[in-house]
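# Observations on chain architecture
Residues per chain are reported as follows:
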Amino acid sequence: MTRDHGRSDGSASDAFHATLHSLRVWDGALPVFDVAAAPDEPMGLFREWFTHAAAAGQAEPHTMSLATVDADGRPDVRTLMLHEADARGWHFASHSTSAKGRQLAGQPEAALGFYWPAVGRQVRIRGRVTACGAAESRADLAVRSRGALAAALTGRQSEVLSSPEELARVSSAAWERAGAEPDAPAPTWTRYVLSPTEVEFFQGDAARRHTRLRYGRTSSGGSWTRHLLWP
């Protein structure tokens, strides 16, 4: 008995398009973005929006997209977690030997993107990424879970995996070591900080009159300019 792949593919395609075109965004009330009340620098506003999104029920508001470029100039993007946001910039961590680690070593200019659909808000950030030292990178793991340490000890991120069984074996050993040695070294684990040169805050509007406020570093780097953008 053979399967009718054409019919199966057609049904899947029909279901996809029916679902895609049935979706709606921002049908409910959205917060108002009072641009006149926005602070002179972006970090305070980011922290305010982040806290508001979490309080509004946004799941995992600390997840963000990181965009980098490889040695051939091809863009790459992935989702990861925010570890801190302070006067230095936006912090995250990964292995220096991972794809993102290698790309940042070759081209440290990168971009971050947050999207919080529960409140119709986005934050886009561009700037230069710096790798932190060994002590700060290890401290990043010290405050996280045993699972985070086990994942760091597993390593080999972005390498080709021969089989699920190999992953299970190496991961199990890493979990055991993380339990027995909570201070076990993970030499390639690196904390990174993106120091912003441009930050945009986007507030969605049901009538599509979105509010976009962009902060940009002045040439001296000591202060910020602000501009409204057309949606």
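Let us look at the structure shown here.

Cut-off values and rules
- Residues numbered from 1 in each chain as written.
- Predicted model: local features only at pLDDT ≥ 70, side-chain atom pairs only at ≥ 80, totals over all residues.
- Heavy atoms only, no water.
- Helix = DSSP H or I, 4+ residues; strand = E, 2+ residues; numbered from the N terminus.
- Phe/Tyr/Trp six-rings, centres within 6.5 Å; stacked < 30°, edge-to-face > 60°.
- Buried < 20%, exposed > 50% of the residue type's maximum accessible area, 1.4 Å probe, protein only.
- Core = buried A, V, L, I, M, F, W, Y, C linked by side-chain atoms within 4.5 Å.
- Contact = heavy atoms within 4.5 Å.

Time to look at the environment of Ser 171. Mapped onto the fold, Ser 171 is located in helix α6 (residues 164-180). Sequence separation between Ser 171 and Leu 153 is 18 residues; the distance between their C-alpha atoms is 8.3 Å.

Working definition: an aromatic ring pair is given by the centre-to-centre distance plus the angle between the planes. Using the criterion set out here, one finds 12 aromatic pairs in the structure. Taking 6.3 Å as the distance between ring centres and 40° as the angle between the ring planes, the aromatic pair formed by Trp 26 and Phe 202 counts as tilted. Of this pair, Trp 26 sits in the loop between α1 (5-22) and α2 (42-55) while Phe 202 sits in strand β7 (residues 189-203), and the two are 176 residues apart along the sequence. Residue Phe 202 is classed as buried on the basis of its relative accessible area of 11%. Relative to Tyr 192, the ring of Phe 92 lies with its centre 5.5 Å away and its plane at 20°, an arrangement referred to as stacked. Of this pair, Phe 92 sits in strand β4 (residues 89-95) while Tyr 192 sits in strand β7, and the two are 100 residues apart along the sequence. Neither residue differs from the other here; Phe 92 and Tyr 192 are each classed as buried. An aromatic cluster of at least three residues, connected via ring pairs, comprises Phe 33, Trp 49, Phe 201, Tyr 215 and Trp 224.

Here the focus is the nonpolar core. Core analysis: the largest hydrophobic core is formed by 31 residues, its most contacted members being Phe 46, Trp 90, Phe 114, Val 123 and Phe 201. Taken together, the elements giving at least two residues each to this core come down to α2, β1 (63-69), β4, β5 (109-116), β6 (121-131), β7 and β8 (211-217). Of all the elements, α2 adds the most residues to this core, at five residues. Those residues in contact with Phe 114 that lie beyond four places of it in its chain are Phe 46, Pro 61, His 62, Thr 63, Met 64, Leu 82, Trp 90, Arg 121, Gln 122, Val 123 and Ile 125. By size, the runner-up hydrophobic cluster in this structure holds 11 residues, among which are Ala 150, Leu 153, Ala 178 and Ala 184.

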